[in-house]
Every structure is written in C-alpha cells, then in structure tokens.
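# Observations on the model geometry
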Amino acid sequence: MSAEEVIDERKSVRQFEFERHAPEYRPNFEAITREMHRTCPVAWSDTYGGHWVAAGNREVFDLARSPHLSNDRDVHGERRGYEGVYVPTPPMNPKAPVVRGGFLEMDPPEQQAYRQALNPYLSPAAINRWIPFLDEVARACLDEKIDTGRIDFVDDLANIVPAVFTLALMGIPLRKWSVYCEPAHALIYTPPASPDSKRVWRAAMAMGADLYTTMLEIRETPRPGLIDALNNLRIDGQPAPDIELVGALNLIIGGGFDTTTALTAHSLEWLSEHPAERAALSGDREVLLDSATEEFLRYFTPAPGDGRTIAADCTIAGVDFREGERLWLSWAMANRDPSLFPDPDTVDLGRRGNRHFSFGLGIHRCIGSNVARNVFKRMLLAVFDRMPDFHCDAAGAVHYDTVGVINGMKHLPADFTPGPRLGPGLDETLDALQTVCDEQRPAAPVVRSDS
Ligand code: HEM
C-alpha cells in the first residue's frame, strides 16, 4: 500500500461532510452534533480544502492542549506557511496591509509575551473594579429607551456596553464606540459577496486607521491601558512591530465585542421564551447567576470553534495526523457531549461542574473571560431590574445567517412596561465617565456609580 493510500484510508474511515458556514447548519446543529459524537468524534471533511474536525469533548480536550498544534499564520510566507485559526482562511482586503490575527495567530514564546503584558489589566480583581462603570453604561443605555416601552437589545444595549468597556480598557476615548462597534459587528456577519461588504470594509478601514493613530498617540503621551501595555511590550529586548500590535488590538476588539453581544442577546431571547426560569433567575440571582452564566456560555457557545495546523506528525485521540493538515476544534460540539454534560441540549440554569469549552482551553484560552462574564452579568441584571416584564418580539429577532464564526444576532426587539429614567443619556454619561477615567489614571481606574 502506498503512503498516499494509507493517508486516504486514514481519512476515508472518518469521512463526514462538515459545512458549518451553510445556512442549514445552524438549525441542524444538534442533529449533526449527535451524529458526529456517535460516529466520528474526530472526522475528516473535504470542505474548505480538506480539514479534520474534532467534535467530542475528550478529543477536543486532548487536541487543544497538544504541543503539536500550531496557531501560527504565516502571512508573509517567512516561516512554515501555516494558515492560522480561521478555516477556511478569510479573504484579504487587497487595499489593506496584511495583518495576522494578533497573538491568537502566534505560537509561544511570542504569544506568551503579549499575554503577560495584558494579563494585569484583565485579572478578576482588575475587572471587578470596573463594575460601577459597567452599571453606569448599562443604566444609560436603558435610560435611552426606558420611557418608550420598546428596545432592540442588540442595537441599544448588548452592542454598546461591551464596546464602550473594551475602549475604556484600551484607553481609547469612550465616545468613539460607534467607530469601532459597527465594523466589529458587521465584519462578522457580512459575507464578501454581500452588496454591503464595500461599506463594511470602508468602516473597518476607518476603525483600523483610528486604532493605529491612537496607538501612536498613546506612545507619544502614555496613558495606562491595554494599548500602553502593548506599546511597552518587549520581546528579546525589542518592541513588537507596529503591524503585530495593530493585529493584537484588532484581536481584542474582535474578541471583546461581538462574542459578548452574542451571549447576551441569545440569553435574553431564551429568558423571554422561558418566563418561569427568568423569574427564578431574577429572584434567586445570588444563587443562580454564576451557574446560569456558565450554562448560557455552554449552550450558546458564542465562538463555536477555532482552527489549527498540525505542526508535527503525531497520534492524538487515536488519529494519525500529518504535519501541515488543518483541524477545526469545535468548542460548540464539545459543549454538547453527553458523556460530559448530562442532557446536553437542555439549558439547566443550576448546572453544576459545568466545565464548558466556550472560552477554549490550553495556552490560547480566552484572556478576556473575566471581562465577558462581568459585562454579561451587569447587562442582564440591569434588564431584570429596569424591564422585568420584557418580552422579545420573535418575528423581529434576526440571527446571523450562518454560525461559522460567531453564533450571533443582528437584532432582538422587545417590549416592556415603560419606567422612569434614572439619569442622563448615553453621550452625557460617557463624557462624565471619560472624565473619571482620565482623572483616575494611572491606577487601574475605579469609577463612582454616582458620577
Ligand atoms: C462571551 C465572550 C467571549 C467568548 C465566548 C470568547 C471566546 C474565546 C475563545 C474560544 C478563545 C480561544 C481561541 C482559540 O483557542 O483558538 C478566545 C481567545 C481570546 N479572547 Fe475571547 N471570548 C470572549 C470574550 C473576550 C473578551 C471580552 C476579550 C477581550 C477583552 C477577549 C479576548 C480574547 C483574546 C485576546 C484571545 C486570544 C488569546 C490567545 O491567543 O492567547 N475575548 N476567546
């Protein structure tokens, strides 16, 4: 038997047509997942140029922690030609400089240097200090709508709070949130063939230009935050190249915005459809809020998976992999594995021992998980307190057409009984918070809820 035939057999016994960008994938996700768990927890799919797909919890666990996998994206063909974490590799904008996806598309030790620089700003203790800030932004968002009885939870809340907070962490003026929010969101759900894609690319270029200018400005006049931390990063005594810093900043925006929006929107939609569970969660939040947050993360898996390249011939989870092959780790499918999560297709707000995969695992595990959890919880609590009888309008809810990259939502309109405003609107609130942030630097900012 030739080497070629051996390779074919390796793949043919595990053949599964896996097309996660197809519109039918989303409604059939549970059936496809069950089938893959039953027949091939690691499958070979000919889609996207051919790649492995890991769907079982044990297999994803072992693969994600293996040193034989690479995240590297060799955009200039200087190393081993690997294609990073997107499967398929996304098209490049020919008019924009080629940037890899920050340290998510790097391997150690380079990747670790970036994480070490950012970690102090993203630890649980650092993020807890921002809770009054988050409450104030959520309050202002809801005040913009509270007397109308109608809100779009995506446009009016879940898009705004993560964006404003990410900018605050970075050291970017808060009022610029809309420059960043629209492209970060639309880039995910607008396919290249869409008539809207030119407009979205233009918005993304404007965002990139603002990001680069702000980075240079902070280098000139430092103010603490994630951008300053990256400006001060040294690898072998040298500053990181600007192009890699821009990649890292784009990654923080990409990681910080749409994922948290997706989690919040899906959870609010589910809570609207399950009034008894909503009442239980709102009423017993001290007991249930943490476990419910983890369960929503598990069930909706906002970032459904990530790609890798096999960096050395190896056998993992019983499969012989060859150097250079592509692999997709499905966090979403691992999250539905019945051998780890009893009754996996049911939302159980009190689920215990919920060791979900939604933030990934291994050396690239989400560095923003404390941000995500806190931002989500503060938005949810604000809605419970101010709009307790909210009811989402199912006909107006718009989910992303495909869930290939983010399991997100474009719109989630809802009605509720109008209530009184509690403070100024969003712009005025952001101006007040900006002053507090500026005054309180250089310490990791602590803001007052009454500002
Ligand atoms: C619900 C919200 C979020 C989800 C579901 C999520 C999910 C993930 C996942 C699955 C990974 C691992 C990717 C891989 O291994 O290939 C990851 C990495 C990352 N996330 Fe998040 N994320 C969320 C929020 C955030 C936030 C708020 C930030 C920033 C403030 C952030 C920044 C990052 C960064 C920078 C990485 C790359 C880490 C590395 O490569 O070392 N994420 N995220």
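Residues numbered from 1 in each chain as written. Predicted model: local features only at pLDDT ≥ 70, side-chain atom pairs only at ≥ 80, totals over all residues. Heavy atoms only, no water.

What follows is about the pairing of strand 7 (residues 305–310). Here strand 7 lies mainly inside the structure; six of its six residues are buried. What you see with strand 7 is no split at all: G305, G307 and T309 on one side and D306, R308 and I310 on the other are buried throughout. Where strand 3 (residues 69–70) and strand 7 come together, two bridges link them in antiparallel fashion. Within the sheet, the bridge partner assigned to L69 lies in strand 7 and is I310. Pairing of strand 7 with strand 10 (residues 326–330), which is carried by five bridges, proceeds in the antiparallel orientation. Across the sheet, residue G307 finds its bridge partner in strand 10, namely W328. (Buried < 20%, exposed > 50% of the residue type's maximum accessible area, 1.4 Å probe, protein only. Helix = DSSP H or I, 4+ residues; strand = E, 2+ residues; numbered from the N terminus. Pairing = 2+ DSSP bridges.)

It is worth spelling out the layout of surface pockets at this point. Put simply, the second largest pocket is a space of about 460 Å³. What lines the second largest pocket is a set of 21 residues, and nearest its centre among them are R26, F29, F300, R336 and N407. Of all the elements in the fold, those that place two or more residues in the lining of the second largest pocket are helix 2 (29–39), helix 13 (258–273), helix 15 (285–300) and strand 10. Looking at the lining of the second largest pocket, the element that brings in the most residues is helix 13, giving four residues. Tallied by class, residues from the lining of the second largest pocket come to 10 nonpolar, five polar and six charged. (1 Å grid on protein atoms, 1.4 Å probe; cavity = no way out; pocket = protein on both sides within 12 Å on 5 of 7 lines; lining within 4 Å. Points joined across faces, edges and corners; volume = space filled by probe spheres on them. Nonpolar A, V, L, I, M, F, W, Y, C, P; charged D, E, K, R; others polar.)

The full set close to the ligand counts 26 residues, and Q111, R115, R308, H364 and C366 are the nearest of them. Contact between the ligand and R115: an oxygen atom at 2.6 Å from a side-chain N or O atom of the residue. When residues of the shell around the ligand are traced back to their parent elements, those giving at least two are helix 4 (110–122), helix 12 (242–256), helix 13, strand 7 and helix 17 (369–386). The element that contributes the greatest number of residues to the shell around the ligand is helix 12, accounting for four residues. Grouping the constituent residues of the shell around the ligand by class yields 14 nonpolar, nine polar and three charged. (Near = heavy atom within 4 Å. Polar contact = N/O pair within 3.5 Å; in protein donor to acceptor, adjacent residues only side chain to side chain.)

Of all protein atoms, C366 (SG) alone acts as a donor to the iron atom of the ligand, lying 2.3 Å away. Here C366 shows up in the loop between helix 16 (331–334) and helix 17. (Donors = N, O, S within 2.8 Å, 3.2 Å for Na, K, Ca; no water.)

Bringing the nonpolar core into the picture now. By size, the foremost hydrophobic cluster in this structure holds 96 residues, and its most contacted members are F133, F153, F165, L281 and F296. The greatest single-element share of this core, amounting to 10 residues, is contributed by helix 17. Residues within four places of F165 in sequence aside, it is in contact with I127, W130, F133, L134, V371 and V375. Membership of the second largest hydrophobic core comes to 20 residues, among which are W52, L327, F357 and L361. (Core = buried A, V, L, I, M, F, W, Y, C linked by side-chain atoms within 4.5 Å. Contact = heavy atoms within 4.5 Å.)

Next up on the list: the sheet that holds strand 14 (residues 413–415). Strand order in this open sheet of three strands is 4-14-11, and the pairing throughout is antiparallel. Two strands in the sheet have a free side with no partner beyond their single neighbour: strand 4 (150–152) and strand 11 (391–392). Bridge count between strand 4 and strand 14: three bridges; the pairing is antiparallel. In the strand pairing of strand 14, I151 is matched with A414.

What follows is about the pairing of strand 2 (residues 51–54). Side chains H51 and V53 project from strand 2 onto one buried face, and the interleaved W52 and A54 project onto a second face that is buried too. Of the strand pairs in this sheet, strand 1 (residues 42–45) and strand 2 are connected by four bridges, and their pairing is antiparallel. Paired with A43 across the strands is V53, a residue of strand 2. Hairpin geometry of strand 1 and strand 2 is characterised by an intervening segment of five residues between the two adjacent antiparallel strands and by a positive phi of about 55° at Y48.

Honestly, it's all geometry; don't read function into it.
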